[in-house]
Amino acid sequence: MDKVKEIVGEINKGNPKPIYFLMGEEPYYIDRISQYIAENVLTDDEKGFNQMVLYGKDTTVDEVVANAKRFPMMAEYQVVIVKEAQHLSRTIENLSSYAENPQPTTILVLCYKYKKLDKRKKLYKTIKKTGELFESKKLYDNQVADWIRRTLASKKYKISPKSCVMLVEFLGTDLSKISNELDKLTLIVPPSTEITPDLIEEHIGISKDFNNFELKKAIGERNVKKASRIIDYFAQNPKDNPFVVTITLLNTFFTQLLQYHGLSDHSPGNVAKVLGVNPYFVNEYVVAARNYPMKRVSGIISNLRVLDLKSKGVGASNMAQADLLKELLSEII
């Protein structure tokens, strides 16, 4: 986010680069930067003659260069945005000669999603000298909750740790999807409000009581009654609660629990740091460690792997999700 702010700041100062090569596995920031340039560099009157959007599937590097070499009409700059530029990957190095001497009155933006330039090749080295290279990296699962917190804080909102976890578990790590849901919330909820599980349940439709977060907690506490209720809810709503998400989360939880057992320092700060969790959730591992000794945790992890294979048709054919969930709970508790 700091790099994005730096790029936007330079544009606002009137110092745009002639080339912005936006690449990487996380499309969210690529879209945000290209959208900002599209909306803010030119006035509405200037955009008609001086702003062009090309698509990698429907163009060539030669056509991109030809358009970039044009002069603006009654404006200081022209903007050429190439969306889905990753489709030009086979010939993208042909852009090197233009990158060596880019048109100073053109702002060329290439959205190169899910791929990266080879740092050893000429194009990467050239754009690094004459333009802006931005790599949008995919966030790890344990980084997304902090991203949500910081994004909301920038809009004067707070969010509880449990609410963050609910969003990540339900929406995954797709920042664009999460951002859309946060935008909906901030349109409804006034600033300075804390986003709670109740608000998320009401406005996004994620159950605050029947979700993987609550299942993990119930299993850690060996609360069979609560875990069974959640499992039954999942079985009745399989589309909203895919088995692969549940088993992946539980495998992560018990793997972290195995790490916890191996720690010599069980102070909350050290546990949070080593396991990569919010300190708010450390007590869940303390409770689970009392209920599941290290040897038992190892056995559960092994059983979860077998069950994961069964869900994919290995060793069992066409098991219903309800049966998989019941066996899952049986293997753990």
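Residues numbered from 1 in each chain as written. Predicted model: local features only at pLDDT ≥ 70, side-chain atom pairs only at ≥ 80, totals over all residues. Heavy atoms only, no water.

> So what exactly am I meant to see when it comes to unusual backbone geometry here?
In most cases, non-glycine residues show a negative phi, while peptide bonds are predominantly trans. The backbone of methionine 74 shows a phi angle near 55 degrees, a positive value even though the residue is not glycine. With respect to the helices and strands, the residue methionine 74 is situated in the loop between helix 4 (61-68) and strand 3 (78-83). With relative accessibility at 72%, the residue methionine 74 sits in the exposed group. A positive phi angle, near 70 degrees, is found at lysine 156, a position not held by glycine. Mapped onto the fold, lysine 156 is located in the loop between helix 7 (141-153) and strand 6 (158-159). (Helix = DSSP H or I, 4+ residues; strand = E, 2+ residues; numbered from the N terminus. Buried < 20%, exposed > 50% of the residue type's maximum accessible area, 1.4 Å probe, protein only.)

> Would you mind going over the packing of helix 13 (residues 243-262) against helix 16 (residues 294-311) with me for this structure?
A pair of packed helices is captured by two measures, namely the crossing angle of their axes and the spacing between those axes. Two elements in contact, helix 13 and helix 16, have axes whose closest approach is 9 Å; the angle formed by their N-to-C orientations is 160 degrees. In terms of orientation, helix 13 and helix 16 fall into the roughly antiparallel class. The crossing of helix 13 and helix 16 is left-handed. Note on element contacts: helix 16 touches helix 13 through Met294, Val297, Ser298, Ile300, Ile301, Leu304, Leu307, Asp308 and Ser311, opposite Phe243, Ile247, Leu250, Asn251, Phe254, Thr255, Leu257, Leu258, His261 and Gly262. Partitioning the contact of helix 13 with helix 16 into residue classes produces twelve nonpolar, six polar and one charged. (Axes fitted to C-alpha atoms, helices over the stretch in contact; angles between N-to-C directions. Parallel < 35°, antiparallel > 145°, perpendicular 65-115°, else oblique. Left-handed = near helix turned anticlockwise from the far one by under 90°. Contact = heavy atoms within 4.5 Å. Nonpolar A, V, L, I, M, F, W, Y, C, P; charged D, E, K, R; others polar.)

> Mind showing me how you'd approach the environment of serine 97 here?
Among the secondary structure elements, serine 97 is positioned in helix 5 (residues 96-100). The class for serine 97 is exposed, based on a relative accessible area of 53%. A sequence separation of 32 residues divides serine 97 from valine 65, and the C-alpha atoms of the two residues are 9.5 Å apart.

> Could you clarify how one ought to interpret the UniProt feature "domain: DNA polymerase III delta N-terminal" (unreviewed entry) in the protein in this entry?
Listed under "domain: DNA polymerase III delta N-terminal" (unreviewed entry) in the UniProt record, and renumbered for this structure, are residues 20-135. Structurally, residues 20-135 comprises 37% helix and 24% strand, and the distance from its first C-alpha atom to its last is 11 Å. (UniProt positions renumbered as here; feature names shortened; annotations may be inferred.)

> Looking at this structure, I do not really get the UniProt feature "domain: DNA polymerase III delta subunit-like C-terminal" (unreviewed entry) in the protein. What am I missing?
Sequence positions flagged by UniProt for "domain: DNA polymerase III delta subunit-like C-terminal" (unreviewed entry) are, in local numbering, residues 211-313. End-to-end, the C-alpha atoms of residues 211-313 are 25 Å apart, and along that stretch the chain is 76% helix and 0% strand.

> What should I look at first to understand the packing of helix 13 against helix 15 (residues 282-291) in this one?
Remark: helix 13 packs on helix 15, axes separated minimally by 10 Å, with the N-to-C direction vectors making an angle of 80 degrees. Judged by the inter-axis angle, helix 13 sits roughly perpendicular to helix 15. For the pair formed by helix 13 and helix 15, the contact residues are Phe253, Gln256, Leu257, Tyr260 and His261 on the first element and Tyr285, Val286, Ala288 and Ala289 on the second. Class assignment for the residues of the contact of helix 13 with helix 15 results in seven nonpolar, two polar and no charged.

> Can you help me understand helix 15 in this one?
The periodicity of an α-helix, 3.6 residues per turn, causes residues three or four positions apart to be oriented the same way. Every buried residue of helix 15 is listed here: Val282, Glu284, Tyr285, Val287, Ala288 and Ala289. Each element contacted by the buried residues of helix 15 is listed here: helix 11 (212-220), helix 13 and helix 14 (268-275).

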